[in-house]
Amino acid sequence: MGGVGYDVVVIGAGFSGLAAARELVKDGFDVVVLEGRDRVGGRSSTTTLAGVPVDLGGTFVGPTQDAVLTLAKELDCPTEPTYSQGANLIRWRGKVRSYRGTIPKVSLLGLLDIGRIQWQVDRLGRGIDITKPWAAPNANKLDSTSLGGWLHSVGASASSRDLLAIMARVTWGAEPDDVSMLHAVRYVKAAGGLDRMLDVAGGAQQDHFPGGTQQIAHKMAAELGDRVRLDSVVTRIEWSDDAVAVSSSGGVVEGRRAILAIPPAHRLGIDIAPAPPIGYQQLAQRWSQGALSKAYAAYSRPFWRDKDLSGQALSDQGPVFITFDVSPGDDGPGVLLGFVDSRGFDALPAEQRRHAALKGFAGLFGPDAENPIEYVDHCWGAETFAPGGPTAAVPPGMWTEFGPLLREPVGPLHWASTETADEWTGFLDGAVRAGYRAASEVAATLRS
């Protein structure tokens, strides 16, 4: 390595990388941010539909997500409540009916069973330290099975299993059988419990940004100025104890430390020399990303509100399995957001995806939903660069084997991304917290 050009090289201009870079610049360090895409924001991407900003990636925020909310306030990015007035809908076993609250009353026995499951998850969480879940007394037992396997073992009803499958799809972009039970329990605890994680009012979907979430990334990048370099796909990192040389499509930059603010699975796309210990390589291979798609339909006005409907719905039929109303007001346009099961959807041509999603909306809200004025969808799992979302779907056995390495530095290499957060893992707030934590680690190391 020739000479040290920067104090810190940050790889990834998502919320985690930009938050880390912003903190380090405030502390007086020289920083460069390399981003492979032609935009900032990572898994936050905002477009416009019928004149309304809509988020193709991360969308919602809620109480106790203090890191991202404080950051948004500093950058003058206001929130507004997610519409939740009126009844919710559920399409279940071929019928559509209304309900109130977070958990639909599929039956009295079903409601009691869901309550029992929630109590057991909360009880398991009390025995887990989210900073080191692998050390819990029952960690090996929980990590050896999947969420789906655990539900069968405790005698969960078919309705409970199907409802929690919807939760797994929207949370991790995966099925219950794909996710470690230890990961599920830790994830729920990191969000403050199932109610906090799933609720609108008082929960993680309580608010959204009328200007979209990507504006936060844009404003962080504007503060950083030409320190942020787009279209710089990092291909190789060479490192010694006190220096890094990072090669990208934009050239080579050198620094004293590097922060890889990318999901664990995407670390595999970078040739690191010397190679980290084998456990780090195996972690990246097995800490897999989920896959989730989103669809939006805009109408001249939010017609469902005329029927005292909230726009929130669940469905046991695909491809749309959960919806929200993100309309700017009663007068229009009306905007429905649908989370979409990527299986069998992402591979369809655009017009067939549109038809399938609108048919899903219409199955819930009636034939008017089949005739929007505009439509857009996005398939994160089909992206050519850094595919997958919304977060890691960690399979059984991974936390107890590789958890201690998830964010443990290797020489001058530090790790960020929402997957490495202790609180609100998998959310925008977790991404910001992880960026702050990595920046603090690096600053302390450089000062010493």
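Throughout what follows, the structure given in this document is the object of discussion. For every chain, the first residue of the written sequence is number 1, and numbering continues from 1 along that sequence. The predicted origin of the model limits local features to residues at a pLDDT of at least 70 and limits the giving and counting of side-chain atom pairs to 80 or more, whereas totals for whole chains, interfaces and linings rest on all residues. As a convention, hydrogens and water are excluded, and side-chain values are obtained from all of the structure's heavy atoms.

### Details of the overall build of the protein
Convention followed: The helix and strand labels rest on DSSP assignments: H or I over at least four residues marks a helix, E over at least two residues marks a strand, and numbering proceeds from the N terminus. Only the C-alpha atoms count toward the radius of gyration. The rule for a globule is 2.2 Å times the residue count to the power 0.38. Relative accessibility decides the category of a residue: with a 1.4 Å probe and only protein chains considered, values under 20% of the type maximum give buried, values over 50% give exposed, and everything between is partly exposed. Any pair of residues with heavy atoms lying within 4.5 Å of one another is described as a contacting pair. What sets the accessible areas is the Shrake-Rupley method with a 1.4 Å probe; for residues, cover comes only from the shown protein chains. In summary, the charge assignment counts Lys and Arg as positive and Asp and Glu as negative, without counting His or the chain termini. For charged residues, the charge sits on one atom: NZ in Lys, CZ in Arg, CG in Asp, CD in Glu.
The number of helices and strands found in the protein is 13 helices and 20 strands. Taking 22 Å as the expected radius of gyration for a compact globule of 448 residues, we find that the protein reaches 22 Å, a close match to that expectation. Its C-alpha atoms give the protein principal-axis dimensions of roughly 65 × 50 × 40 Å. Each of the 448 residues in the protein was classed as buried or not, and the buried ones make up 59%. Within the protein, contacts between residues separated by at least 24 positions form 73% of all contacts whose residues are at least 6 apart in sequence. Carbon and sulfur atoms make up 51% of the accessible area of the protein, which amounts to about 17200 Å² in all. If you average the places of the 42 positive and of the 51 negative side-chain charges in the protein, the two averages end up 5 Å apart.

### Focus: the sheet that holds strand E15 (residues 293–299)
Threshold: DSSP calls a pair of strands paired once it identifies at least 2 bridges connecting them. Simply put, an axis is a line fit to the C-alpha atoms, just over the touching stretch for a helix, and the angle between two N-to-C directions goes from 0 to 180 degrees.
Taken together, seven strands build an open sheet; the order of strands is E8-E7-E16-E17-E18-E15-E19 and the sheet is mixed. The open sheet terminates on both sides in strands that have one partner only, identified here as strand E8 (95–99) and strand E19 (374–379). The mean angle between the axes of side-by-side strands here comes to 20°, regardless of whether they run parallel or antiparallel. Note that E15 and strand E18 (residues 334–340) share seven bridges and pair antiparallel. Residue Lys 294 lies in a different strand from E18, and its bridge partner there is Phe 339. In the packing of helix H11 (residues 350–365) onto the sheet, the strands contacted are strand E7 (87–92), E8, E15, strand E16 (309–315), strand E17 (320–325), E18 and E19, and the crossing angle to E19 comes to about 110°.

### So, the pairing of E16
When a strand is regular, its side chains alternate between the sheet's two faces. Burial analysis of E16 places seven of its seven residues in the buried class, the great majority of the element. Judged from the four bridges that link them, E7 and E16 form a sheet pairing that is parallel. Bridging across to E16, Arg 91 finds its partner in Ser 315. Examined bridge by bridge, E16 and E17 share two bridges and lie antiparallel to one another. Looking at E17, one finds that Ala 313 is bridged to Thr 323. Here E16 folds back onto E17 in antiparallel fashion, the turn holding four residues.

### Focus: the packing of helix H1 (residues 15–26) against helix H9 (residues 214–224)
Describing two packed helices takes the angle between their axes plus the distance from one axis to the other. Selection rule: Crossing handedness is read from the near helix: turned anticlockwise from the far helix by less than a right angle, it gives a left-handed crossing, and turned clockwise, a right-handed one. Only Asp, Glu, Lys and Arg are considered charged, only Ala, Val, Leu, Ile, Met, Phe, Trp, Tyr, Cys and Pro nonpolar, and every remaining residue, Gly among them, polar.
Viewed as axis vectors pointing N to C, H1 and H9 meet at an angle of 35°, and their least axial separation amounts to 10 Å. Regarding H1 and H9, the two cross each other, and that crossing is left-handed. In this structure, H1 uses Phe 15, Leu 18, Ala 19, Ala 21, Arg 22 and Val 25 to contact H9, whose residues at the interface are Ile 216, Ala 217, Met 220, Ala 221, Glu 223 and Leu 224. Among the residues making up the contact of H1 with H9, the classes are represented as ten nonpolar, no polar and two charged.

### With respect to the pattern of salt bridges
Rule in force here: Salt-bridge detection follows one rule: a side-chain nitrogen of Lys or Arg within 4 Å of a carboxyl oxygen of Asp or Glu.
Summed over all chains, the structure comprises 25 salt bridges. For Arg 447, the salt bridge goes to Asp 27, with nearest N and O atoms at 3.5 Å. Residue Arg 447 is found in helix H13 (residues 428–447), and its partner Asp 27 is found in the loop between H1 and strand E2 (31–34); the two are separated by 420 residues along the sequence. Notably, a salt bridge pairs Arg 437 with Glu 441, separated by 3.3 Å at the nearest N-O pair. With a gap of four residues between them, Arg 437 and Glu 441 both fall in helix H13, about one helical turn apart. With a relative accessible area of 22%, Glu 441 lands in the partly exposed category. Each of the salt bridges in this network shares a partner with another, and the network as a whole consists of Arg 169, Glu 175, Asp 341 and Arg 343.

### What about the sheet that holds strand E6 (residues 80–81)?
As summarised here, the arrangement of the three strands in space is E5-E9-E6, forming an open sheet in which the pairing is antiparallel. At either margin of the open sheet sits one strand with a lone partner, and together these are strand E5 (60–61) and E6.

### A look at the environment of Met 398
Relative to the assigned elements, Met 398 resides in helix H12 (residues 398–402). As for Met 398 and Leu 283, which are separated by 115 residues in sequence, their C-alpha atoms are 7.5 Å apart. Met 398 has contacts with Asp 143, Arg 286, Trp 287 and Gly 403, leaving out every residue within four places of it along the chain.

### Focus: the side chain of His 414
For His 414, the position within the fold is in strand E20 (residues 413–415). Every residue in contact with His 414, bar those within four places of it in the chain, is listed here: Arg 257, Ala 258, Ile 259, Leu 260, Pro 409, Glu 441, Val 442 and Thr 445.

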